[in-house]
Amino acid sequence: MNSKYLKWILFLAALLVLLLVSVLLSLSAGEIKVSLMQLPQILSDKGSIEYTVLAKIRIPRILMAIGVGGALSLSGVVLQGIYRNPLVEPYTLGISGGAALGVAIAIVFGLNTLSFFSLPAFGFLGALVTLIVVYLLSIKRGGLSINSMLLIGVMVSFVSSSAMMFLMSISTAENLHNIVFWVMGSLDESNNSLIAIAFYSSLAGLVISYFFAQTLNALRLGEVKARHLGINTGVAIKLLFFVASLLTGIAVSVAGVIGFVGLVIPHLIRLIIGNDYRVLLAGSFMGGAIFLILSDTIARTIISPNELPIGVITGFIGGLVFIIVLSRSKSHFKLN
Amino acid sequence: MNDFMLLCNATNIASGLKHGTLTRESVLLKNPDVIIIAEMGGFGKEERKVWNTYEGMEAVNNNKVFLISSETACSPTPANFASALKDVYRFISE
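These figures come from a predicted structure and were not determined experimentally.

## Overview of the overall build of chain A
Alright, step 1. Scanning chain A from N- to C-terminus turns up 14 helices and three strands.
Alright, step 2. In terms of overall dimensions, chain A has C-alpha extents of about 65 × 55 × 35 Å along its principal axes.
Alright, step 3. Burial statistics for chain A: of 336 residues in total, 48% are counted as buried.

Structural data, given as structure tokens:
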């Protein structure tokens with residue numbers, strides 16, 4: 001009993017150290033090299049180019065990476081818990097697709113010029129509409145059917161990607177360019193309030209999800225058994241679903257479509273530490289943050305002075321690591 | 001864009017690039033005297049706001065971050081080319 005908690009604490013502490021290391025690495029790596037010894041000196045000299053690079057480019061990107069990576073990974077792990085299906089993540093439910101469609105609509109109709117917030121707002125709206133559509137369609141006779149929800153989610157994401165391709169084919173060259181770049185995903189965000197929203201809302205999501213850690217543990221036994229354990233599964237599932245969608249909506253609307261975080265990170269954490277949600281939630285959050293910080297550092301350094309879209313990096317690394325780990329591990333994947 | 005610069009006797013910091021997007025850091029590193037941004041719908045304006053927050057750059061300190069119409073600068077018919085060249089020259093010599 002005690003050794004289990006000790007293991008958890010050690011694991012989370014190790015992740016925290018890893019997070020700090022990747023933050024420092026990301027601060028110092030780039031075309032303008034900054035050694036860690038110089039950090040205090042640079043931060044005190046506000047007129048220098050190095051200060052501008054750190055304060056206006058690297059630190060905001062790191063905060064975005066923590067917020068977005070944490071949010072995507074957390075919403076992945078929560079959704080997997082609800083569905084008891086290892087393939088579920090924001091993408092497979094169509095939430096990301098809905099958000100992307102919202103943004104594409106805003107760009108094509110020129111609504112993005114209204115205000116700085118209109119693009120994220122439309123992304124968020126798209127995610128929310130998708131959520132409501134998937135939710136309403138999968139309600140059957142008062143109950144919520146998890147399997148049909150998953151199928152409907154996949155279909156909705158196909159429909160929204162077709163709709164997006166339609167919009168792209170009728171849009172002007174400028175709009176097309178903007179949509180494509182947005183879809184590829186980037187942590188380059190200069191609006192401080194958007195960064196703060198992404199950062200704090202993902203932390204809030206982590207705190208809220210912890211109230212449901214034991215519910216998620218019980219749901220591993222299946223909905224019926226969880227209900228026998230005295231858990232109001234209907235309400236809990238709805239709430240968790242809503243939280244996961246909000247997290248995804250915010251992440252996608254500020255950073256664009258960044259794939260694989262919600263799928264790969266929770267699985268890696270599961271493989272290392274097991275299926276208990278009390279450690280899995282925080283572990284996935286930090287794992288997602290680390291993964292995105294490192295991916296972003298690679299994205300902006302590997303072919304410098306050019307920059308790669310971060311979705312490319314996460315897709316490659318995430319997919320490869322996942323295949324390697326999966327083919328090496330002897331134990332079969334179990335969520336229950 | 002490179003041609004405009006050459007004709008105005010200016011150096012383009014992105015001249016060696018074949019493709020892709022430039023990182024913001026590399027622009028900061030090269031510290032250009034003038035920054036010219038294509039309007040691209042409303043995105044150019046936002047982009048200009050972002051660049052103007054980067055204190056310590058020559059272009060920002062001297063208030064030389066400009067917008068250029070993507071209509072003329074990015075689709076160079078002979079007439080457009082002349083008009084965009086005029087704009088670029090004005091930005092650089094101002």
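## Some remarks on the UniProt feature "transmembrane region" (unreviewed entry) in chain A
Residue and element names in this part refer to chain A.
Alright, step 1. Residues annotated in UniProt with the feature "transmembrane region" (unreviewed entry) correspond here to residues 62-79, 91-111, 117-137, 149-173, 193-219, 239-265, 277-295 and 307-326.
Alright, step 2. The span residues 117-137 is 95% helix and 0% strand, and its two end C-alpha atoms sit 30 Å from each other.
Alright, step 3. Helix and strand shares over residues 277-295 are 100% and 0% respectively, and the end C-alpha atoms of the span are 26 Å apart.

## Things to note about the interface of chain B and chain A
A common measure of how large an interface is: the accessible area buried when the components associate.
Alright, step 1. Listed by partner, the interface residues are 22 residues for chain B and 24 residues for chain A.
Alright, step 2. Mapped by element, the contributors of at least two residues to the side of chain B that touches chain A are β1 (21-22), α2 (24-30) and α3 (43-52) of chain B.
Alright, step 3. Tallying contributions element by element places α2 of chain B first for the side of chain B that touches chain A, with five residues.
Alright, step 4. In this sheet, β1 of chain B lies alongside strand β3 (residues 306-307) of chain A in antiparallel orientation, the contact comprising two bridges. Residue Glu307 of chain A lies in a different strand from β1 of chain B, and its bridge partner there is Thr21 of chain B.

## With respect to the environment of Ser169 of chain A
Residue and element names in this part refer to chain A.
Alright, step 1. Along the polypeptide, Ser169 turns up in helix α6 (residues 146-170).
Alright, step 2. By the C-beta count within 10 Å, which is 8 here, Ser169 ends up exposed.
Alright, step 3. Sequence separation of Ser169 and Ala282 is 113 residues, and the distance between their C-alpha atoms is 42 Å.

## Here's the deal with the confidence of the model for chain A
Alright, step 1. Considering every residue of chain A, the mean pLDDT works out to 83; 94% of them sit at 70 or more.
Alright, step 2. Across chain A, helix α13 (residues 277-301) of chain A holds the top mean pLDDT of 92, while strand β2 (residues 143-144) of chain A sits lowest at 60.

## Section: the nonpolar core
Alright, step 1. In this structure, Ala65, Val68, Val103, Ala198, Leu240, Ala251 and Ile293 of chain A are the most contacted members of the largest nonpolar core, which totals 96 residues.
Alright, step 2. At 17 residues, helix α3 (residues 49-83) of chain A tops the list of elements feeding residues into this core.
Alright, step 3. The residues touching Ile293 of chain A, leaving out its near neighbours within four places in the chain, are Ser22, Val23, Ser26, Ile62, Ala65 and Ile66 of chain A.
Alright, step 4. Grouped together as the second largest cluster of nonpolar side chains are seven residues, Ile35, Ala73, Ala84 and Val88 of chain B included.

## Some remarks on unusual backbone geometry
Alright, step 1. In this structure, Asn63 of chain B takes a positive phi of about 60 degrees despite not being glycine.
Alright, step 2. Since 9 C-beta atoms lie within 10 Å of it, Asn63 of chain B is described here as exposed.

## With respect to the environment of Arg270 of chain A
Residues and elements named next belong to chain A.
Alright, step 1. Tracing the backbone through its elements, the reader meets Arg270 in helix α12 (residues 261-273).
Alright, step 2. Taking the C-alpha atoms as reference, Arg270 lies 6.9 Å from Leu280; in sequence the two are 10 residues apart.
Alright, step 3. Apart from the residues lying within four places of it in its own chain, the contact partners of Arg270 are Asn275 and Leu280.

## Some remarks on helix α7 (residues 173-184) of chain A
All names here are of chain A.
Alright, step 1. Here α7 is 12 residues long and its end C-alpha atoms lie 17 Å apart, about the 16 Å a rise of 1.5 Å per residue gives.
Alright, step 2. Within the span of α7, buried status applies to Asn175, Asn178, Ile179 and Trp182. An end-on view of α7 places all buried positions within 95 degrees of arc, on one side of the element. Looking at α7, the residues exposed on the side facing more than 90 degrees away from the buried face are Ala173 and Val180.
Alright, step 3. Downstream of α7 by a residue or two, Gly185 has a phi angle that is positive, lying close to 85 degrees.

Conventions we followed
- Residues numbered from 1 in each chain as written.
- Chains lettered and ligands numbered in written order.
- Predicted model: local features only at pLDDT ≥ 70, side-chain atom pairs only at ≥ 80, totals over all residues.
- Helix = DSSP H or I, 4+ residues; strand = E, 2+ residues; numbered from the N terminus.
- Buried ≥ 20, exposed ≤ 12 C-beta atoms within 10 Å, placed from the backbone.
- UniProt positions renumbered as here; feature names shortened; annotations may be inferred.
- Contact = placed C-beta atoms within 7 Å.
- Pairing = 2+ DSSP bridges.
- pLDDT = per-residue confidence, 0-100.
- Core = buried A, V, L, I, M, F, W, Y, C linked by C-beta atoms within 7 Å.
- Expected span 1.5 Å × (residues − 1).
- Arc of directions from axis to C-beta.

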